[in-house]
Amino acid sequence: MSTGDEVAQPKRTGRRPGGADTRRTVLEAARAEFAARGYEKASMRAIARAAGVDAALLHHYFGTKDQLFLAALELPVDPRAVVERALAGDPAGVGGRVADFVLDLWEQPGVLDRLLALIRAAATTEQVAALMRGFVTAELIGRIAAALEVERPELRAELMFSQIVGLAMARYVVRIEPLASAPREELHPLLARTFQNYLVTP
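Residues numbered from 1 in each chain as written. Predicted model: local features only at pLDDT ≥ 70, side-chain atom pairs only at ≥ 80, totals over all residues. Heavy atoms only, no water.

**Q** What is the right way to look at the overall build of the protein chain in this model?
**A** The helix and strand tally for the protein chain stands at ten helices and zero strands. The linear arrangement of helices and strands in the protein chain, starting from the amino end, is α-α-α-α-α-α-α-α-α-α. Burial status across the protein chain gives 40% buried among its 202 residues. If you sum the accessible surface of the protein chain, you get close to 11600 Å²; carbon and sulfur atoms cover 54% of it. (Helix = DSSP H or I, 4+ residues; strand = E, 2+ residues; numbered from the N terminus. Buried < 20%, exposed > 50% of the residue type's maximum accessible area, 1.4 Å probe, protein only. Areas by Shrake-Rupley, 256 points an atom, 1.4 Å probe, with all protein chains shown as cover.)

**Q** Just checking my understanding: could you explain the packing of helix H9 (residues 153-173) against helix H10 (residues 184-199) for this structure?
**A** A pair of packed helices can be characterised by two numbers: the angle between their axes and the separation between those axes. Packing of H9 against H10 leaves a shortest axis separation of 8 Å and a crossing angle of 155 degrees. What the angle tells us is that H9 and H10 run roughly antiparallel. For the pair H9 and H10, contact is made by Arg156, Ala157, Leu159, Met160, Gln163, Ile164, Leu167 and Arg171 and by Leu187, Leu191, Thr194, Phe195, Asn197, Tyr198 and Leu199, respectively. The residue inventory of the contact of H9 with H10, partitioned by class, reads ten nonpolar, three polar and two charged. (Axes fitted to C-alpha atoms, helices over the stretch in contact; angles between N-to-C directions. Parallel < 35°, antiparallel > 145°, perpendicular 65-115°, else oblique. Contact = heavy atoms within 4.5 Å. Nonpolar A, V, L, I, M, F, W, Y, C, P; charged D, E, K, R; others polar.)

**Q** Explain helix H3 (residues 55-62) here, please?
**A** Side chains three or four residues apart in an α-helix point the same way, a direct result of the helix having 3.6 residues per turn. Of all the residues in H3, the buried ones are Leu57, Leu58 and Phe62. Within H3, the buried residues cover an arc of 105 degrees as seen down the axis, which keeps them to one side. Every exposed residue of H3 that faces more than 90 degrees away from the buried side is listed here: Ala56 and His60. Residue Gly63 follows H3 closely and has a positive phi angle near 90 degrees. (Arc of directions from axis to C-beta.)

**Q** Just checking my understanding: could you explain the packing of aromatic side chains for this structure?
**A** Any two aromatic rings considered together are summarised by their centre-to-centre distance and by the angle between their planes. Taken as a whole and assessed by the stated rule, the structure comprises four aromatic pairs. Taking the centre distance of 4.9 Å and the plane angle of 20 degrees together, the rings of Phe69 and Phe135 count as stacked. Separated by 66 residues along the polypeptide, Phe69 in helix H4 (residues 65-73) and Phe135 in helix H8 (residues 126-147) bring together distant segments of the chain. Grouping residues by exposure puts Phe69 and Phe135 together as buried. Seen in terms of ring centroids, Trp106 and Tyr172 are 6.2 Å apart; in terms of plane orientation they differ by 40 degrees. Their pairing is tilted. Pair noted here: Trp106 is in helix H6 (residues 94-106) and Tyr172 is in helix H9, with a separation of 66 residues, a long-range link. Here Trp106 and Tyr172 have matching classes, each one buried. The structure contains a cluster of three or more aromatic residues connected by ring pairs, namely Phe34, Phe69 and Phe135. (Phe/Tyr/Trp six-rings, centres within 6.5 Å; stacked < 30°, edge-to-face > 60°.)

**Q** How should the pattern of salt bridges be read in this particular structure?
**A** In a structure, side chains of opposite charge can pair up when their charged atoms sit close to one another. By the definition in use, this model includes four salt bridges. Two residues, Arg133 and Glu126, come together in a salt bridge whose shortest N-O distance is 2.9 Å. Taking the relative accessible area as the measure of exposure, Arg133 reaches 45% and is therefore partly exposed. When salt bridges that share partners are traced, they join Asp100, Asp104 and Arg184 into one network. (Salt bridge = Lys/Arg side-chain N within 4 Å of Asp/Glu carboxyl O.)

**Q** In this structure, what is going on with the side chain of Arg97? I would like to understand it.
**A** Inspection of the secondary structure assignment puts Arg97 in helix H6. Put simply, Arg97 is tucked away with no salt bridge, and the nearest opposite charge, on Asp90, sits 6.3 Å away. At 3.0 Å, the side chain of Arg97 forms a polar contact with the backbone oxygen of Asp90. Excluding its chain neighbours within four sequence positions, the residues that come into contact with Arg97 are Arg85, Ala86, Ala88, Gly89, Asp90 and Pro91. (Lys, Arg positive; Asp, Glu negative; His and termini not counted. Polar contact = N/O pair within 3.5 Å; in protein donor to acceptor, adjacent residues only side chain to side chain.)

**Q** Any chance you could explain the nonpolar core here in plain terms?
**A** As a rule of thumb, nonpolar side chains are buried together in soluble globular proteins. If you look at the biggest cluster of nonpolar residues, it comprises 61 residues, and the most contacted ones within it are Phe34, Leu68, Trp106, Met160, Phe195 and Leu199. Apart from the residues lying within four places of it in its own chain, the contact partners of Trp106 are Leu112, Leu115, Leu116, Ile119, Ile164, Leu167, Ala168 and Tyr172. (Core = buried A, V, L, I, M, F, W, Y, C linked by side-chain atoms within 4.5 Å.)

**Q** So what exactly am I meant to see when it comes to the environment of Ala182 here?
**A** Residue placement: Ala182 occurs in the loop between H9 and H10. Exposure remark for Ala182: the relative accessible area of 9% places this residue in the buried category. For Ala182, the contacting residues outside a window of four places in its chain are Arg171 and Leu187.

**Q** Mind showing me how you'd approach the environment of Leu70 here?
**A** The residue Leu70 is located in helix H4 in this model. Given the relative accessible area of 9%, Leu70 is considered buried. Along the backbone, Leu70 and Phe135 are 65 residues apart, and their C-alpha atoms lie at a distance of 9.3 Å. Those residues within four positions of Leu70 in sequence are excluded, and the remaining contacts are Leu75, Asp78, Pro79, Arg80 and Phe135.

Set out below in structure tokens:
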């Protein structure tokens, strides 16, 4: 029997509040949305709606759509750092800067394992390949190509990307010798010249 002092607590309504569980829910919704619609067509608003949160909360947690995509894929490093490293400084040294970045990246055990897992998934699963293709085209190739002053800049940028992925497969997955055991000091100048040719040489 009520004493009269008890007040019924209203049910919570509206969007889900923030928190660790909410973050997981958002990432799950993002993975589903990116998988269903692809990187370019997926929207922050649709992801928020599927997760039951306000779109503003997504921006608070993740910032932009590309940052949400990276978080959803659980990438250990932002691949756009390749772009920043490639385009920063004197164009005469662009090949060496890219080579530095790539070799530093692949030599980090935790980073290497995750990136190789994504490469394998993209090679065997069209859904993953489509997601990566959309992101790479929009956020990496397009940015690099826009900064290049050569003919066929998109092709040049894609060739550089193919070299990076191919290096990972040959050196760390298939482990072809002598590439697999070649020291960094030997690989760096060779890669630097290749990247320089792709990005700068007419």
